[in-house]
Amino acid sequence: MTGPFACAHASHADWSKATESCLAQIAQRHHGVRHRQEHALGFVYLSDGLQANADRILALLKTRSGIADWVGCSSIGVCATGIEYYDEPALAIMVGRFPAGNVHVFSGTQRPPDADARTDSGAHLASAALVHADPSTADLPGLVTDMASKVSGGKLFGGVSSGRTPSGPSIQIANRVLKGGLSGVVFGSDVRLVSRLTQGCHPLAGAPRRRVTRVNNNLVLELDGRNAVQVLLEDAGIRAATEAGPLRPGDRRLHEQLKSLGRRGLFVGIETSTHRVARTSNVSRDYVIRDVIGIDPARGVVAIAAKLETDHVVVFCTRDETAARRDLVRICSEIREHVSEASRGGSEALGVAGAVYVSCLARSSHLFGETSEELRLIQSQLGDVPLVGFFAGGEVHDTQLYGQSGVLTAFY
């Protein structure tokens, strides 16, 4: 990158005032494209309270900034350096400068470069991609995997747009306002970036990894050759209810214990086929998190919000604020170390020029307790780096569509 990015954010019910405020902030920090060898790109995230005016916002941003390429989406909440706006009309934008020929906005009507396409100097034109997805699109996991095959490095980061306003479905921005499918921007290999995934759900205390041995679509009947509900209760530390004999749906004590689990949030971490690891109870980027949506003690069935297959490896999880904080600090440390190592190996001192953070809707104050605490924690670890992002209905990292997670990507 050629210097720090410029970011801005504002909250106002009037779309024009929010946009003007952001443009004024950007004008103080960004002086346009300085060299012909640079390509300016704008990132724009707006809350669903402003999405009805997305066309006007985008037009004003293009006209006033002189920047043609903009990517982003709408969401229930948007974030910037050290702050989040959740369930209020808000706008966050960031402008960065990239090596010319390394920025390619794509959508259903704009194809990205081929994965094997190269510049005259040998650099890949498609090495990584920021993607935004429409939640109503069929087979999103499959589309994400397919998109990953279209970038030579297989590196994706981004998420699924979200919203709950009467103005209609959430929108995406890829040089124009869009709905449906995937859109975003493909970066060439001359763009330096590092991306990390952090989990908000972690294994129930002492819960081991389990192998699915009998399943019907999303209904798990047996784990490690045993009754699935019995295994779940054992992993959750609920043994008293099962010691007297077979499970009964009317058992009051069992009912209360299951209610207690539900209040904490009960999930399954599913080991991905591309990240098979040694047997351990740790859940990290090697798992995708999916909800437990039903438990039938009489039939011994656990229903999962995902289709499973025999021999899938899973672990029962719950939300854990302490573990989530620790894991968020971990990825920030890894990013700092990566940038520091890259600086030592080159001829110039490098630092984080800008960052994009995509966090699950279930995180924010739902997990971290206080508004903006998640963003303040990132700020405390990375410093006052320009950052924008949004709260997603699913998070994209590498080849997978995740849930309950955060994806932090830094450009340097």
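Position labels on residues start from 1 in each chain and follow its written sequence. Reporting in this predicted model follows two pLDDT cut-offs: at least 70 for local features of residues, and 80 or more for side-chain atom pairs to be given and counted; totals over whole chains, interfaces and linings ignore these cut-offs and use all residues. Processing note: side-chain calculations cover all non-hydrogen atoms of the structure and skip hydrogens and water entirely.

Draft legend 1. Examining the packing of helix α6 (residues 321-344) against helix α8 (residues 373-382) more closely. Every axis in this analysis is a line fitted to C-alpha atoms, fitted for helices over the stretch in contact. Angles between the N-to-C directions lie between 0 and 180 degrees. Think of it this way: any DSSP run of H or I at least four residues long counts as a helix, any run of E at least two long counts as a strand, and we number them from the N terminus. Their axes nearest at 9 Å, the elements α6 and α8 cross at an angle of 35°. As α6 packs across α8, the resulting crossing turns out to be right-handed. Residue-level inspection shows Arg 325, Leu 328, Val 329, Cys 332, Ser 333, Ile 335 and Arg 336 of α6 in contact with α8, the latter providing Glu 373, Glu 374, Leu 377, Ile 378, Gln 381 and Leu 382. Grouping the constituent residues of the contact of α6 with α8 by class yields seven nonpolar, two polar and four charged. Left-handed describes a crossing whose near helix is turned anticlockwise from the far helix by less than a right angle; the clockwise case is right-handed. We call two residues contacting when some pair of their heavy atoms lies within 4.5 Å. Polarity classes work like this: nonpolar for Ala, Val, Leu, Ile, Met, Phe, Trp, Tyr, Cys and Pro, charged for Asp, Glu, Lys and Arg, and polar for all others, with Gly in that last group.

Draft legend 2. A look at the layout of surface pockets. A cavity here means a set of points on a 1 Å grid, drawn over the protein atoms and nothing else, where a 1.4 Å probe fits but cannot get out; a pocket is an open set with protein on both sides within 12 Å along at least five of seven lines, and a residue lines either one if it has an atom within 4 Å of a point. Grid points are joined across faces, edges and corners, and a volume is the space filled by probe spheres set on the points. Volume-wise, the largest pocket comes out at about 480 Å³. Along the walls of the largest pocket sit 18 residues, with Ile 270, Val 288, Lys 307, His 312 and Gln 400 positioned nearest its centre. At the level of elements, α3 (140-148), β18 (267-271), β19 (287-296) and β25 (400-402) are the ones that each hand at least two residues to the lining of the largest pocket. In terms of residue count, the dominant contributor to the lining of the largest pocket is α3 (three residues). Looking at the lining of the largest pocket, its residues break down into six nonpolar, seven polar and five charged. Considering only enclosed or pocket space, the second largest pocket measures out at about 280 Å³ in volume. Together, 16 residues line the second largest pocket, and Phe 106, Ser 107, Pro 112, Met 147 and Lys 150 are the ones closest to its centre. Taken together, the residues of the lining of the second largest pocket sort by class into seven nonpolar, five polar and four charged.

Draft legend 3. Inspection of the packing of helix α1 (residues 15-29) against helix α2 (residues 54-65) at higher detail. The contact between α1 and α2 brings their axes to 10 Å, and the two run at 30°. Taken together, the axes of α1 and α2 lie roughly parallel to each other. The interaxial crossing formed by α1 with α2 has right-handed handedness. Along the contact surface, α1 presents Trp 15, Thr 19, Glu 20 and Leu 23, while α2 presents Arg 56, Ile 57, Leu 60, Leu 61 and Arg 64. Grouping the constituent residues of the contact of α1 with α2 by class yields five nonpolar, one polar and three charged. Small angles under 35 degrees read as roughly parallel and large ones over 145 as roughly antiparallel, with 65 to 115 read as roughly perpendicular and the rest as oblique.

Draft legend 4. Looking closely at the pattern of salt bridges. Here, a salt bridge means any Lys or Arg side-chain nitrogen found within 4 Å of an Asp or Glu carboxyl oxygen. The full count for this structure, using the stated rule, is 19 salt bridges. In this structure, Glu 271 engages Arg 209 in a salt bridge whose closest nitrogen and oxygen atoms are separated by 2.2 Å. One end of the pair, Glu 271, is in strand β18; the other, Arg 209, is in the loop between β14 (201-203) and β15 (210-216), with 62 residues separating them in the sequence. Just as Glu 271 is buried, Arg 209 falls in that class too. One continuous salt-bridge network, built from bridges that share partners, spans Arg 210, Asp 224, Arg 226, Glu 234 and Asp 235. When accessible area is computed with a 1.4 Å probe and restricted to protein chains, residues below 20% of their type maximum are described as buried, those above 50% as exposed, and intermediate ones as partly exposed.

Draft legend 5. Quick look at the nonpolar core. Among the buried residues, those of types Ala, Val, Leu, Ile, Met, Phe, Trp, Tyr and Cys that are joined through side-chain atoms within 4.5 Å form a nonpolar core. Ranked by internal contacts, the top residues of the largest apolar core, which has 63 residues, are Leu 41, Phe 43, Tyr 45, Phe 98, Phe 187, Phe 316 and Phe 411. Among residues more than four places away in sequence, those in contact with Leu 41 are Ile 67, Asp 69, Trp 70, Val 71, Met 94, Val 95, Gly 96, Phe 98, Val 103, Val 105, Val 185 and Phe 187.

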